[in-house]
Amino acid sequence: MNEINAIVSDIKKGNLKPIYFLMGEEPYYIDKISDFIEDTVLDEAEKGFNQQVMYGRDATIEDVVSAAKRYPMMAEKQVIIVKEAQDLSRTIEKLVPYAENPQPTTVLVINYKYKKLDKRKKLHKVIAKSGLVFESKKMYENQVSDWIRRVLSGQQYQIEPKASLMLVEFLGTDLSKISNELNKLMLILPKETIINDKHIEENIGISKDFNNFELRKAVGEKNIVKANRIINYFAENPKNNPLVMTISLLNSFFTQLLMFHGLKDKSKSAVAKALGVNPYFVDEYFLASRNYPMRKVAQVIAFLRDADVKSKGVGAKQTNDDILKELLFKILH
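Model, not experiment: these values are computed from the prediction.

Of the regular secondary structure elements, the protein holds 17 helices and seven strands. Referenced to the eigenvectors of the C-alpha coordinate spread, the extents of the protein come out at roughly 75 × 50 × 45 Å. The buried share among the 333 residues of the protein stands at 45%. Of all intrachain contacts in the protein linking residues separated by at least 6 positions in sequence, the fraction that spans at least 24 positions is 74%. Counting only carbon and sulfur atoms, one obtains 50% of the accessible surface of the protein, whose full area is about 17600 Å². Positive and negative charge centroids in the protein, built from 50 and 43 side chains respectively, lie 6 Å apart.

Laid out in structure tokens, this is it:
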């Protein structure tokens, strides 16, 4: 975030680079920086003649360089934005001559999503010297909840840990999808709202009672009735509750539980740090550790691996519902 704030701050001050090479696995920040440049560097009167958006699938490196070498008309700068530039990956090194001597009156923005330049090759070195290379890295699941909290805090909202986890469980680590849902919530709810699981259920459509988070909690508590209610709900709503996600979340939980058993320092803060979880959820691990000794945890992880293989159609003729029911029976008994 600090790097992104520094880039935006420099652009606001007019300290523009001739080339912005925005790359990496997380498209959200690539789009944010690119859109900010597109929206703010030129005023509306200047954009008509001096701002051009190109697409990697329709252009060549030669087209990009030709556009970048033009001079602006009745403006100090021109802005050339190349979207989906990863489609030019096979020929991207052809950009080296231009990057060695970029047009000072051009701001060239290259959106290179889901890929990154090889740091050993010349293009990366040249752009790092003459312009700016930004890598947008994919966040881990345990980082996304904190990101949600920061985004909402910046807009004068708060969110309860369970509500945040529900969003991550349902939407994964795709920041663009999560941002869209947060924007919907902020349109509906007044500032200073503390967003809870009921808000998520009512406005996004994620059940607050029947989700993988609640299943994990029920399993940890060995609450057989609640766990079975949840998997029966999953069977009726398979599109919203894919088996692979359920297995993945349970596997993460029991892997963390195995780590918990091995911790020497079991203070709440130490456990939260070691497992990479919000302190709010730490009590669940203490309870689950009493229900599942280390030997049983190792056994459960083996059950989960077996179910994962079966869910992918290897050596099993069972339906996904049957695989999940069998898995829960083995875990809970």
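Before going further, it helps to spend a moment on the packing of helix 7 (residues 141–154) against helix 9 (residues 175–188). Two elements in contact, helix 7 and helix 9, have axes whose closest approach is 11 Å; the angle formed by their N-to-C orientations is 40 degrees. Our pair here, helix 7 against helix 9, has a crossing hand that is right-handed. In this structure, helix 7 contributes Val-144, Trp-147, Ile-148, Val-151 and Leu-152 to the contact, and helix 9 contributes Leu-175, Ile-178, Ser-179, Leu-182 and Met-186.

This part is about the packing of aromatic side chains. With the rule as written, the count across this model stands at ten aromatic pairs. Considering the side-chain rings of Phe-253 and Tyr-285, the 5.2 Å spacing of their centres and the 45 degrees angle between planes classify their relative orientation as tilted. With a gap of 32 residues between them, Phe-253 in helix 13 (residues 243–262) and Tyr-285 in helix 15 (residues 282–291) connect regions that are remote in the sequence. Take Phe-253 and Tyr-285: they sit in the same class, and that class is buried. Following the ring pairs from residue to residue traces out a cluster consisting of Phe-253, Phe-254, Tyr-285 and Tyr-292. Over the face of the ring belonging to Phe-281 we find Arg-216, whose NZ or CZ atom lies 5.9 Å from the ring centre. Taking NZ or CZ as reference, Lys-266 lies 5.2 Å from the ring centre of Phe-260, over its face.

So, on to the UniProt feature "domain: DNA polymerase III delta subunit-like C-terminal" (unreviewed entry) in the protein. Residues annotated by UniProt as "domain: DNA polymerase III delta subunit-like C-terminal" (unreviewed entry) correspond here to residues 211–314. Between the first and last C-alpha atoms of residues 211–314 the distance is 26 Å; the span itself is 76% helix and 0% strand.

This chain's UniProt record puts "domain: DNA polymerase III delta N-terminal" (unreviewed entry) on residues 20–135. Segment residues 20–135 splits into 38% helix and 24% strand. End C-alpha atoms: 11 Å apart.

A surface patch of nonpolar side chains, about 390 Å² in accessible area, is lined by Phe-49, Met-73 and Met-74. Within the secondary structure, Met-74 is located in the loop between helix 4 (61–69) and strand 3 (78–83). With a relative accessible area of 71%, Met-74 lands in the exposed category.

On to the pairing of strand 3, then. Taken across its six residues, strand 3 has five buried, putting it largely inside the fold. Each parallel crossover has a hand, and for strand 2 (residues 51–55) linked through helix 4 to strand 3 it is right-handed. Bridge analysis of strand 3 against strand 4 (residues 106–113) gives five bridges, and the strand direction is parallel. Paired with Ile-81 across the strands is Val-109, a residue of strand 4.

Those residues of helix 15 that fall on the buried side of the exposure criterion are Val-282, Glu-284, Tyr-285, Ala-288 and Ser-289. Take helix 15 and look down its axis: the buried residues cluster within an arc of 145 degrees, on one side only.

What follows covers the pairing of strand 2. With five bridges connecting them, strand 2 and strand 3 associate as parallel partners. Directly across from Met-54, in strand 3, lies its bridge partner Val-82.

We now examine the sheet that holds strand 2. If you trace the five strands from one edge of the open sheet to the other, you get 2-3-4-1-5, paired in parallel fashion. Two strands lie at the open edges of the sheet, namely strand 2 and strand 5 (132–135), each paired on one side alone. Mean inter-strand twist for the sheet, computed between neighbouring axes without regard to direction, equals 15 degrees. Against the sheet, helix 2 (residues 27–40) makes contact with strand 1 (19–24), strand 2, strand 3, strand 4 and strand 5, and its axis sits at roughly 160 degrees relative to strand 4, the strand it touches most.

Let us now look at the pattern of salt bridges. Under the defined criterion, the tally for this structure stands at 23 salt bridges. A single network of salt bridges, built from pairs that share partners, joins Lys-162, Asp-197, Glu-214 and Lys-226.

Turning next to the nonpolar core. If you look at the biggest cluster of nonpolar residues, it comprises 40 residues, and the most contacted ones within it are Tyr-20, Ile-37, Trp-147, Ile-148, Leu-167, Leu-182 and Ile-200. When neighbours within four sequence positions are excluded, Leu-182 is seen to be in contact with Trp-147, Ile-148, Val-151, Leu-152 and Leu-167. Counting 34 residues, the second-largest nonpolar core is a separate cluster that includes Leu-215, Leu-243, Ile-247 and Leu-304.

What counts and what doesn't
- Residues numbered from 1 in each chain as written.
- Predicted model: local features only at pLDDT ≥ 70, side-chain atom pairs only at ≥ 80, totals over all residues.
- Heavy atoms only, no water.
- Helix = DSSP H or I, 4+ residues; strand = E, 2+ residues; numbered from the N terminus.
- Buried < 20%, exposed > 50% of the residue type's maximum accessible area, 1.4 Å probe, protein only.
- Contact = heavy atoms within 4.5 Å.
- Areas by Shrake-Rupley, 256 points an atom, 1.4 Å probe, with all protein chains shown as cover.
- Lys, Arg positive; Asp, Glu negative; His and termini not counted.
- Charge placed at Lys NZ, Arg CZ, Asp CG, Glu CD.
- Axes fitted to C-alpha atoms, helices over the stretch in contact; angles between N-to-C directions.
- Left-handed = near helix turned anticlockwise from the far one by under 90°.
- Phe/Tyr/Trp six-rings, centres within 6.5 Å; stacked < 30°, edge-to-face > 60°.
- Lys NZ or Arg CZ within 6 Å of the ring centre and 35° of its normal.
- UniProt positions renumbered as here; feature names shortened; annotations may be inferred.
- Patch = residues over 30% accessible without salt bridge, like charges linked within 9 Å, V, L, I, M, F, W, Y side chains within 5 Å.
- Salt bridge = Lys/Arg side-chain N within 4 Å of Asp/Glu carboxyl O.
- Right-handed = clockwise from strand over helix to strand, strands pointing away.
- Pairing = 2+ DSSP bridges.
- Arc of directions from axis to C-beta.
- Core = buried A, V, L, I, M, F, W, Y, C linked by side-chain atoms within 4.5 Å.

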